[in-house]
Amino acid sequence: MDLKLFTDGIVIASSFSFAMIPVAIGCSDSSRFSKADRKNFFVIARGSAFECSAALDKIENSQKKNFSDIKSSLEEISKMLFKMISNLKNQIEAKK
């Protein structure tokens, strides 16, 4: 086994696990926070979803595995977060 591939796999898996945390937290109930805070949570979660997708790309390229179902789910999550961010941004601007 190639040590570099093994090390890259550990780093990528760790990165993926670390990136999923803000997605879960950002999407959980954040009703006790201000709209601006919620928007920021969603922005961070969306960025983390992109990080997860990039980590899966790296794994696919190095280990010849297919994660299209997971990547499709991440794309849907990203779209939902984008819409939520846009709605909150409009609500924040309307209050000004």
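Every value quoted in this text rests on a predicted model; they were computed, and no experiment measured them.

**Observations regarding the overall build of the protein chain**
Link 1 in the chain: Scanning the protein chain for helices and strands turns up three helices and zero strands.
Link 2 in the chain: The linear arrangement of helices and strands in the protein chain, starting from the amino end, is α-α-α.
Link 3 in the chain: A buried classification covers 22% of the 96 residues belonging to the protein chain.
Link 4 in the chain: Pairs at least 24 residues apart make up 60% of the contacts formed inside the protein chain by residues separated by at least 6 positions.
Link 5 in the chain: A total accessible area of about 6,700 Å² is found for the protein chain, and carbon and sulfur atoms account for 60% of it.

**Examining the nonpolar core**
Link 1 in the chain: Core analysis: the largest hydrophobic core is formed by six residues, namely A49, C52, L56, I59, F67 and L74.
Link 2 in the chain: Per element, the largest residue contribution to this core is four residues, and it comes from helix α2 (residues 35-63).
Link 3 in the chain: One finds F42, A45, L81 and L88 within the second-largest nonpolar core, a separate group that totals five residues.

**Some points on the packing of aromatic side chains**
Link 1 in the chain: The final tally for this structure, using the stated rule, is one aromatic pair.
Link 2 in the chain: Between the aromatic rings of F33 and F41, the centroid separation amounts to 5.1 Å while the plane-to-plane angle is 65°, which identifies the pairing as edge-to-face.

**As for the environment of I92**
Link 1 in the chain: Of note, I92 is situated in helix α3 (residues 68-95).
Link 2 in the chain: According to the relative accessible area criterion, I92 is partly exposed, its value standing at 21%.
Link 3 in the chain: Taking C-alpha positions, I92 is 6.9 Å from K35, a pair spaced 57 residues apart along the chain.
Link 4 in the chain: The residues touching I92, leaving out its near neighbours within four places in the chain, are K35, A36 and K39.

**A look at the environment of N40**
Link 1 in the chain: Within the secondary structure, N40 is located in helix α2.
Link 2 in the chain: Residue classification places N40 among the partly exposed positions, given a relative accessible area of 40%.
Link 3 in the chain: As a C-alpha pair, N40 and L88 span 48 residues in sequence and 9.8 Å in three-dimensional space.

Rules and cut-offs
- Residues numbered from 1 in each chain as written.
- Predicted model: local features only at pLDDT ≥ 70, side-chain atom pairs only at ≥ 80, totals over all residues.
- Heavy atoms only, no water.
- Helix = DSSP H or I, 4+ residues; strand = E, 2+ residues; numbered from the N terminus.
- Buried < 20%, exposed > 50% of the residue type's maximum accessible area, 1.4 Å probe, protein only.
- Contact = heavy atoms within 4.5 Å.
- Areas by Shrake-Rupley, 256 points an atom, 1.4 Å probe, with all protein chains shown as cover.
- Core = buried A, V, L, I, M, F, W, Y, C linked by side-chain atoms within 4.5 Å.
- Phe/Tyr/Trp six-rings, centres within 6.5 Å; stacked < 30°, edge-to-face > 60°.

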